[in-house]
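# Geometric and topological summary
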Amino acid sequence: MTQIQLSDTQALILSAASKRGGHIALPLPSHLRGGAAAKVVLALIKKGFLEEVDADLRMGEPVWRETGDGHGVTLVATDAGLMAIGVEPEAATAEPALQEPCKKRTPRAGTKQAQLITLLSAPDGVTITEIATALAWAPHTVRGALSGALKKWLGLTITSQTDAQRGRVYRIEDATL
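Overview of the structure. The residue numbers shown here count from 1 along each chain, following its written sequence. Confidence filtering applies because this is a predicted model: local features only for residues at pLDDT of at least 70, side-chain atom pairs given and counted only at 80 or more, and all residues used for totals across whole chains, interfaces and linings. Water and hydrogen atoms play no part in the side-chain values, which are based on all heavy atoms of the structure.

Before going further, it helps to examine the overall build of the chain. Of the regular secondary structure elements, the chain holds seven helices and five strands. The order of α-helices and β-strands along the chain, N terminus first, is α-α-β-β-β-α-α-α-α-α-β-β. The buried label goes to any residue with under 20% of its type's maximum accessible area, the exposed label to any with over 50%, and the partly exposed label to all in between, with areas taken from a 1.4 Å probe on protein chains only. Counting every position in the chain, which comprises 177 residues, the buried fraction comes to 36%. Partitioning the contacts of the chain with sequence separation of at least 6, the portion at a separation of at least 24 is 55%. Each accessible area is a Shrake-Rupley estimate made with a 1.4 Å probe; only the visible protein chains count as cover when residues are assessed. Of the roughly 10500 Å² of accessible surface on the chain, a fraction of 54% belongs to carbon and sulfur atoms. Numbering of helices and strands runs from the N terminus; a helix is a DSSP stretch of H or I covering at least four residues, while a strand is a stretch of E covering at least two. The contact criterion used is simple: two residues touch if any of their non-hydrogen atoms lie within 4.5 Å.

Pasting the structure below:
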């Protein structure tokens with residue numbers, strides 16, 4: 001078995017995470033701030049000892065970084081991270097649900113994202129101009145929301161077709177929200 005090399009700070013972060021519910025690695029040690037914190041955390045993520053998962057803000061989980069879509073992520077020690085400090089993952093697991101990142105997200109009701117999904121769910125579809133007018137957005141914001149928030153984060157399939165009168169019309173192919 002190869003010896004895993006961890007700095008004192010990395011070992012301290014993983015040790016503290018092993019004692020917290022859900023193995024959450026935050027808060028980081030008080031002496032670790034800014035770029036130094038990012039460097040240590042990224043090294044642990046690269047080694048597979050920490051992972052970013054959606055933060056449950058309702059439960060008061062600390063946020064490591066904002067994702068830009070109103071959500072945040074927290075840091076959780078992985079089984080490999082726990083084993084790196086000599087902690088058996090089975091004995092240390094308090095909340096296994098937090099071990100896996102949330103892959104399927106749903107929009108909150110009443111948000112512009114929810115309004116956008118409603119517009120795209122119409123049987124006739126909707127154009128970029130119609131969305132921009134309805135939501136008071138610029139066209140580039142609409143395109144960004146379609147490709148980023150809806151396709152990437154929510155995993156929706158958005159199709160487009162050219163209509164002779166309206167131009168390019170977009171709709172959600174799998175409206176399974």
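Now that the structure has been shown, the text picks up again.
In the sections that follow, a salt bridge refers to a side-chain nitrogen of Lys or Arg positioned within 4 Å of a carboxyl oxygen of Asp or Glu. Inspection of the entire model under this criterion finds one salt bridge. Of the charged contacts in the structure, one is a salt bridge between Arg 166 and Glu 130, with a shortest N-O distance of 2.7 Å. Placement of Arg 166 in the loop between strand S4 (158-163) and strand S5 (167-172) and of Glu 130 in helix H6 (residues 128-135) is noted, with a sequence separation of 36 residues between them. A relative accessible area of 34% places Glu 130 in the partly exposed class.

On to the nonpolar core, then. If you look at the biggest cluster of nonpolar residues, it comprises 20 residues, and the most contacted ones within it are Ile 13, Leu 28, Leu 44 and Leu 50. When contributions to this core are tallied by element, the ones reaching two or more residues are helix H1 (8-19), helix H2 (34-47), strand S1 (50-54), strand S3 (72-77) and helix H3 (79-84). Looking at this core element by element, the count peaks at four residues for H2. Those residues in contact with Leu 28 that lie beyond four places of it in its chain are Ile 13, Ala 37, Val 41 and Trp 64. Ile 117, Ile 131, Ala 145 and Leu 146 belong to the second largest nonpolar core, which has 17 residues in total. Take the buried residues of types Ala, Val, Leu, Ile, Met, Phe, Trp, Tyr and Cys, join any two whose side-chain atoms come within 4.5 Å, and each joined set is a nonpolar core.

We now examine the sheet that holds S3. For two strands to count as paired, DSSP must find a minimum of two bridges between them. Strand order in the open sheet made by the three strands is S1-S3-S2, with antiparallel pairing throughout. Each edge of the sheet is formed by a strand with only one pairing partner; in this case those strands are S1 and strand S2 (65-66). Pairing of S2 with S3 involves two bridges; the strand directions are antiparallel. Along S3, the bridge assignment pairs Arg 65 with Val 73.

Let us now look at the pairing of S5. In the sheet, S4 pairs with S5 via six bridges, with the strands oriented antiparallel. What sits directly across from Thr 159, in S5, is Arg 171.

What follows deals with unusual backbone geometry. Backbone phi values are negative for most residues with the exception of glycine, while trans is the configuration of most peptide bonds. Looking along the chain, the bond that leaves Leu 26 and enters Pro 27 is cis, with omega of 5°. Looking at the secondary structure, you find Pro 27 in the loop between H1 and H2. A positive phi angle, close to 60°, is found at His 23, a residue other than glycine. If you trace the backbone, His 23 turns up in the loop between H1 and H2.

Where helix H5 (residues 112-120) is concerned, the buried positions are Ala 114, Leu 116, Ile 117 and Leu 120. End-on, the buried residues of H5 take up no more than an arc of 155°, which puts them together on one face. Along the arc lie the directions from the helix axis toward the C-beta atoms.

The axes of two packed helices give the description: the angle between them and the distance between them. Here an axis means a line fitted to C-alpha atoms, over the contact stretch when the element is a helix, while the angle between two N-to-C directions is reported on a 0 to 180 degree scale. Here H5 crosses helix H7 (residues 139-153) at 105°, and the two axes come no closer than 12 Å. The pairing of H5 with H7 is recorded here as roughly perpendicular in orientation. On H7, the residues touching Gln 113, Leu 116, Ile 117 and Leu 120 of H5 are Ala 145, Leu 146, Ala 149 and Leu 150. Here the nonpolar group is Ala, Val, Leu, Ile, Met, Phe, Trp, Tyr, Cys and Pro; Asp, Glu, Lys and Arg are the charged ones; every other residue, Gly included, is treated as polar. Class assignment for the residues of the contact of H5 with H7 results in seven nonpolar, one polar and no charged. Roughly parallel means an angle under 35 degrees; roughly antiparallel means over 145; roughly perpendicular covers 65 to 115; every other angle is labelled oblique.

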